[in-house]
Amino acid sequence: MTTLGTGVLRVRHWLREHPLALDAALALAVLVTMVIGSFVHSRPGEGPSFGIGPPAVSGVLLMVAGAVALIWRRRNPMAVLAVTAGLTVVELVGSDPPAPVVMSTVTALYTVAARTDRPTTWRVGLLTMAVLTAAAMLCGPAPWYSQEKFAVFAWTGMAGAAGDAVRSRRAFVDAIRERAERAERTRDEEARRRVAEERLRIARELHDVVAHHIALVNVQAGVAAHVMDKRPDQAKEALAHVREASRSALDELRATVGLLRQSGDPTAPTEPAPGLAVLDELVDTVRRAGLPVELACTDRRPPLPAAVDLAAYRVIQEALTNVRKHAGPGAKAEVSVVRVGRTAEITVIDNGSGGGGHDDAGGGHGLLGMRERVTALGGTLTAGARYGGGFRVHAILPVEARAAESGEPGAAGRTGEKA
């Protein structure tokens, strides 16, 4: 059975690659059918009988001509239909006994209906049916109401209907295939988009972690190198800050890289992502690096959603890092977190003179990363120089409505806690 099925598939594939050969085989089959049908004659009162006499030479020539015309039915279906219909009219008018040349017209009409649109099928089909039926009823020795006369009408009508049904099915299958291909392309594009978004998110996390801690390490290392000879105690304290900042950087890098691990990996980190609950620790770290920071949080309601909480923390972290890197000596920073209705407003300002925050102009990605974080949550971020000197970063983040009240236990240390 497997060998037989393989052979059938090969033949089918070969016929699809050689449509002219398939049409020639079909024309031969139609010719054989017409020749066999020409031996069937109907006698009044006796019904059809077979083998009474051979077909006339003119009938054989008409049948051969109609069959040969079918070889080109795919290339020019309208012309083939016109030729076969003309041969059928000639056969109906002048042949006695008539030969079944109408079978070639039926095949040609089926091809037209299967390869054109429905309006064309209706127009051409009705015209062909009317011409052939009129020729059959008006000519020939049999009465106009005989069975043979109505058979022409029935066969041509069925040919048009069958061709239209086949065309509709092909269109339906093609539409399903196109939708499937489009859905597959959409899935691929969605997968690529998700991969790109994930890569961008991880890149932002790595940038925020590395930029902040390495900036602190750089500052403290510079302090240690400057006072190493004259004030070794201060140098030792600066080196201790370097060690603490580097350890924090390693811990956050380990947590960030752990996001790439498979779910269920026992070595994957389980620590929560940093948020405003540890904002005091962030501010203390920056203060120890030599940047005075004032923190003001005016709301004691429940904490922000996880994504908003992380974004707010990263915005403050990156803004303070930029202040430390670019604001110049003697600069001070102020951080405020305010809940206003369904939004949380994060503001970081400084009074420096070094253009703090303009890291993007130097090839950095701090401001770009902050904007991407805030925009991804549906918020807005503005950053620019302040009138009179300094720099200002202002982010507005949407907050989901929370049912908990401000006085619930454990609210201390959450978003809105005043430093």
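Note that this is a predicted model, so its numbers are computed, not measured.

Cut-offs used in this document
- Chains are numbered independently. Their residues run from 1 in the order of the written sequence.
- Totals for whole chains, interfaces and linings use all residues, but because this is a predicted model, local features are given only for residues with pLDDT of at least 70 and pairs of side-chain atoms are given and counted only at 80 or more.
- Hydrogens and water molecules were not included; the side-chain quantities draw on all heavy atoms of the structure.
- Strands here mean DSSP runs of E at least two residues long; helices mean DSSP runs of H or I at least four residues long; both are numbered from the N terminus.
- Three labels apply to residues, based on accessible area from a 1.4 Å probe with only protein chains included: buried if under 20% of the type maximum, exposed if over 50%, partly exposed otherwise in between.
- Note on contacts: a residue pair is in contact if any heavy atoms of the two residues lie within 4.5 Å.
- Under this scheme, a helix contributes an axis fitted over its contacting stretch, all axes are lines through C-alpha atoms, and angles between N-to-C directions fall in the 0 to 180 degree range.
- With respect to orientation, any angle under 35 degrees is reported as roughly parallel, any angle over 145 as roughly antiparallel, any angle of 65 to 115 as roughly perpendicular, and every other angle as oblique.
- Crossing chirality is assigned from the near helix's rotation relative to the far helix, an anticlockwise turn below a right angle marking it left-handed and a clockwise turn marking it right-handed.
- Residue polarity is assigned by list, with Asp, Glu, Lys and Arg as charged and Ala, Val, Leu, Ile, Met, Phe, Trp, Tyr, Cys and Pro as nonpolar; anything else, Gly included, falls into the polar class.
- One bridge is not enough; two strands pair if DSSP finds at least two bridges between them.
- Residue count minus one, scaled by 1.5 Å, sets the expected span of a helix.
- Taking the helix axis as origin, the arc is that swept by the directions to the C-beta atoms.
- Every residue carries a pLDDT, the predictor's confidence in it, which falls somewhere between 0 and 100.
- Polar contact is defined as a pair of N or O atoms within 3.5 Å, subject to the rule that within protein one atom must be able to donate a hydrogen and the other to accept it, and that residues adjacent in sequence are counted only when both atoms are side-chain atoms.
- Between Lys or Arg on one side and Asp or Glu on the other, a salt bridge is scored when a side-chain nitrogen of the former is within 4 Å of a carboxyl oxygen of the latter.
- Joining through side-chain atoms within 4.5 Å is the link that ties buried Ala, Val, Leu, Ile, Met, Phe, Trp, Tyr and Cys residues into a set, and such a set is a nonpolar core.

### Some words on the overall build of the protein
Scanning the protein from N- to C-terminus turns up eleven helices and seven strands. A buried classification covers 36% of the 419 residues belonging to the protein. Residue pairs at least 24 apart in sequence account for 68% of intrachain contacts in the protein once pairs closer than 6 positions are excluded.

### Section: the packing of helix α2 (residues 19-38) against helix α3 (residues 57-69)
Put simply, α2 and α3 touch, their axes get as near as 8 Å, and they point 160 degrees apart. The angle between α2 and α3 falls in the class roughly antiparallel. Once α2 is placed against α3, the crossing between them reads as right-handed. Here A27, L31, M34, V35 and S38 of α2 come into contact with α3, specifically with M63, V64 and A67. Looking at the contact of α2 with α3 residue by residue, the class counts come to seven nonpolar, one polar and no charged.

### Here's the deal with the pairing of strand β4 (residues 333-340)
Alternating residues of β4 divide into A333, V335, V337 and R339, all buried, and E334, S336, V338 and V340, none buried. Pairing of strand β3 (residues 293-297) with β4, which is carried by five bridges, proceeds in the parallel orientation. Paired with A296 across the strands is S336, a residue of β4. Relative to strand β5 (residues 343-350), β4 runs antiparallel, the two sharing eight bridges. In the strand pairing of β5, A333 is matched with D350. What sits between the antiparallel neighbours β4 and β5 is a turn of two residues, in which G341 has the positive phi angle 60 degrees.

### A few points about helix α6 (residues 118-138)
Relative to the 30 Å expected for 21 residues at 1.5 Å per residue, α6 spans 30 Å between its end C-alpha atoms, a close match to the ideal helical length. Those residues of α6 that sit buried are T120, T121, V124, G125, T128, M129, L132, T133, A135 and A136. All buried residues of α6 lie within an arc of 160 degrees about the axis, which places them on one face of the element. Seen from the buried face of α6, the exposed residues on the opposite side, beyond 90 degrees, are W122, R123, L127 and L138.

### Let's talk about helix α5 (residues 102-115)
Side chains that are three or four residues apart share a direction in an α-helix, a result of its 3.6 residues per turn. Along its 14 residues, α5 runs 20 Å from first to last C-alpha, staying within 8% of the 20 Å computed at 1.5 Å per residue. Within α5, eleven of the 14 residues are buried, which leaves it mostly tucked inside the rest of the structure. Along α5, the residues that are buried comprise V102, S104, T105, V106, T107, A108, L109, T111, V112, A113 and A114.

### Observations concerning the confidence of the model for the protein
Summarising the model, the protein shows a mean pLDDT of 76, and 75% of its residues fall at 70 or more. Averaged over each element, pLDDT in the protein is lowest for strand β2 (residues 47-50) (52) and highest for strand β7 (residues 391-398) (91). Here residues 401-419 is a poorly scored stretch, pLDDT under 50, and it has 38 contacts once near neighbours within four places are set aside; other chains count.

### Structural notes on the side chain of D23
Tracing the backbone through its elements, the reader meets D23 in helix α2. In terms of polar contacts, D23 uses its side chain to reach the side chain of R74, at 2.9 Å.

### Notes on the environment of V337
Summarising the element assignment, V337 is placed in strand β4. By relative accessible area, which is 1% here, V337 ends up buried. In sequence terms V337 and T347 are ten residues apart; their C-alpha atoms lie 6.7 Å from each other.

### Observations regarding the pattern of salt bridges
Using the criterion set out here, one finds ten salt bridges in the structure. For the salt bridge of R74 with D23, the shortest nitrogen-to-oxygen distance reads 2.9 Å. Taken as a pair, R74 in the loop between α3 and α4 (77-94) and D23 in helix α2 lie far apart in primary sequence, 51 residues in all. The exposure class assigned to R74 is partly exposed, which follows from its relative accessible area of 29%. By relative accessible area, which is 2% here, D23 ends up buried. Here R177 ties to D174 by a salt bridge, and the two come within 3.0 Å at their closest N and O atoms.

### Points about the packing of α3 against α4
A packed helix pair is summarised by two numbers, namely the angle formed by the two axes and the spacing between the axes. The geometry of α3 relative to α4 is characterised by a closest axis approach of 9 Å and an angle of 170 degrees between their N-to-C directions. It follows from the interaxial angle that α3 and α4 lie roughly antiparallel. Along the contact surface, α3 presents L62, A65, G66 and A69, while α4 presents V80, V83, T84, L87, V90 and E91. Across the contact of α3 with α4, the residue classes tally to seven nonpolar, two polar and one charged.

### Description of the nonpolar core
Within the largest apolar cluster, 36 residues are counted, with the highest numbers of intra-cluster contacts made by L276, L279, V293, V315, I316, L320 and I346. Top element by residues in this core is helix α10 (residues 306-326). It accounts for nine residues. Those residues in contact with I316 that lie beyond four places of it in its chain are L276, L279, L282, V335, V337, I346 and V348. Core analysis: the next-biggest nonpolar cluster, separate from the first, contains 25 residues, V30, M63, L132 and A159 among them.

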